[in-house]
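One letter stands for each residue in the lines below.
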Amino acid sequence: GQNWSATASATFEVTGVQLEVGSQATPFEYRSIGEELALCQRYYVELTSARQVNPIMNCGYYHNTSIYGVVIFPTEMRTEPTLVQTTGTDYFRVYSTGAADTFTGFHSIHSVTPQRVVINAASTQGISGTQSAAGWCETMNTAARLSFTAEFV
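Residues numbered from 1 in each chain as written. Predicted model: local features only at pLDDT ≥ 70, side-chain atom pairs only at ≥ 80, totals over all residues. Heavy atoms only, no water.

A.B. asks: Summarise the overall build of the chain; cite the residues concerned and give the values.
C.D. replies: If you tally the helices and strands in the chain, you get one helix and ten strands. Helices and strands in the chain line up, N terminus first, as α-β-β-β-β-β-β-β-β-β-β. Taking 15 Å as the expected radius of gyration for a compact globule of 153 residues, we find that the chain reaches 22 Å, considerably beyond that expectation. Along the first, second and third principal axes, the C-alpha atoms of the chain reach 70 × 35 × 25 Å. Buried residues in the chain amount to 31% of all 153 residues. (Helix = DSSP H or I, 4+ residues; strand = E, 2+ residues; numbered from the N terminus. Rg over C-alpha atoms; globule rule 2.2 N^0.38 Å. Buried < 20%, exposed > 50% of the residue type's maximum accessible area, 1.4 Å probe, protein only.)

See the structure below:
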């Protein structure tokens, strides 16, 4: 037989292991992919990927220099999350009134619960549009990232 522990760069792969506390074994716990994803989304939700365009949310111009939009999380998060993003020139855009308004990133969380969040961007991020106009936000750069985290601190 092969002695994998004495072989350079050898790997030993294990799957389907369940660790137990104490001496009494319990039935093996199987979780569906959907259940695992929901459990992970309690801690972290990313709204973007490495694609050029990722829709983020519907939004509206509160003033001609600020937008607000609501993000509803796919799973209730374990606590009120914080915003995590990468920003840069023209990383994001708003489509509204037949035009695209580019901006660097989101300014802040306006209000938040474990189920949803209101985020905004303002003139300091490059917002300039028509007050009361509706639109949608999306990424326009593959480096743009927008996520929410409720990790333990």
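A.B. asks: Mind laying out the nonpolar core, listing which residues take part and the relevant values?
C.D. replies: Core analysis: the biggest nonpolar cluster contains 24 residues, and I67, F103, F106 and C137 have the highest contact counts within it. Those residues in contact with I67 that sit more than four places away from it in its chain are C59, G60, Y61, Y62, V94, F103, I119, N120, A121, I127 and C137. (Core = buried A, V, L, I, M, F, W, Y, C linked by side-chain atoms within 4.5 Å. Contact = heavy atoms within 4.5 Å.)

A.B. asks: How would you explain the packing of aromatic side chains if you had to name every residue and give the values?
C.D. replies: This model, assessed by the stated rule, comprises seven aromatic pairs. Measuring from ring centre to ring centre gives 5.7 Å for F92 and F103, while their planes differ by 25 degrees; the resulting arrangement is stacked. On the criterion of sequence distance, the pair formed by F92 in strand 5 (residues 92–96) and F103 in strand 6 (residues 99–103) is long-range, its members being eleven residues apart. Assigned by exposure class, F92 and F103 land together as buried. (Phe/Tyr/Trp six-rings, centres within 6.5 Å; stacked < 30°, edge-to-face > 60°.)

A.B. asks: Lay out the side chain of Q125 with the relevant residues and their values.
C.D. replies: In this structure, Q125 sits in the loop between strand 8 (116–122) and strand 9 (134–139). Within the structure, Q125 has its side chain in polar contact with the side chain of T124 (distance 3.0 Å). (Polar contact = N/O pair within 3.5 Å; in protein donor to acceptor, adjacent residues only side chain to side chain.)

A.B. asks: Lay out the sheet that holds strand 10 (residues 145–149) in plain terms, naming residues and giving numbers.
C.D. replies: In spatial order, the strands read 1-10-4; together these three strands make up an open sheet with antiparallel pairing. Lying at the two open borders of the sheet, with one neighbouring strand each, are strand 1 (44–46) and strand 4 (82–86). Between one strand axis and the next, the sheet turns by 20 degrees as a mean value, whatever way the strands run. Relative to strand 10, strand 4 runs antiparallel, the two sharing five bridges. For Q85, the partnering residue across the bridge sits in strand 10 and is L146. (Pairing = 2+ DSSP bridges. Axes fitted to C-alpha atoms, helices over the stretch in contact; angles between N-to-C directions.)

A.B. asks: For the environment of E29, give the residues involved together with the corresponding values.
C.D. replies: Mapped onto the elements of the fold, E29 is located in the segment before helix 1 (33–41). A residue is classified by how much of its surface remains accessible, and E29, at 47% relative accessible area, is partly exposed. Placed twelve residues apart in sequence, E29 and V17 show a C-alpha to C-alpha distance of 9.7 Å. Side chain to side chain, E29 and R31 meet in a polar contact 3.1 Å long.

A.B. asks: Talk me through the environment of H110; I want residue IDs and the actual numbers.
C.D. replies: Among the structural elements, H110 can be located in strand 7 (residues 108–112). Residues in contact with H110, not counting those within four places in the same chain, are Y68, V118 and I119.

A.B. asks: Give me the lowdown on the sheet that holds strand 9, citing residues and values where you can.
C.D. replies: Two strands in a sheet stick together by hydrogen bonds in their backbones, pointing the same way (parallel) or opposite ways (antiparallel). Taken in spatial order, the seven strands make up an open sheet running 6-5-9-2-3-8-7, and their pairing is antiparallel. Edge positions in the sheet fall to strand 6 and strand 7, since each has one partner strand and no second. Between one strand and the next, the sheet's axes are offset by a mean angle of 30 degrees, whatever the strand orientation. As paired strands, strand 7 and strand 8 are joined by four bridges and run antiparallel to one another. Residue pairing in the sheet places S108 in a bridge with N120 of strand 8.

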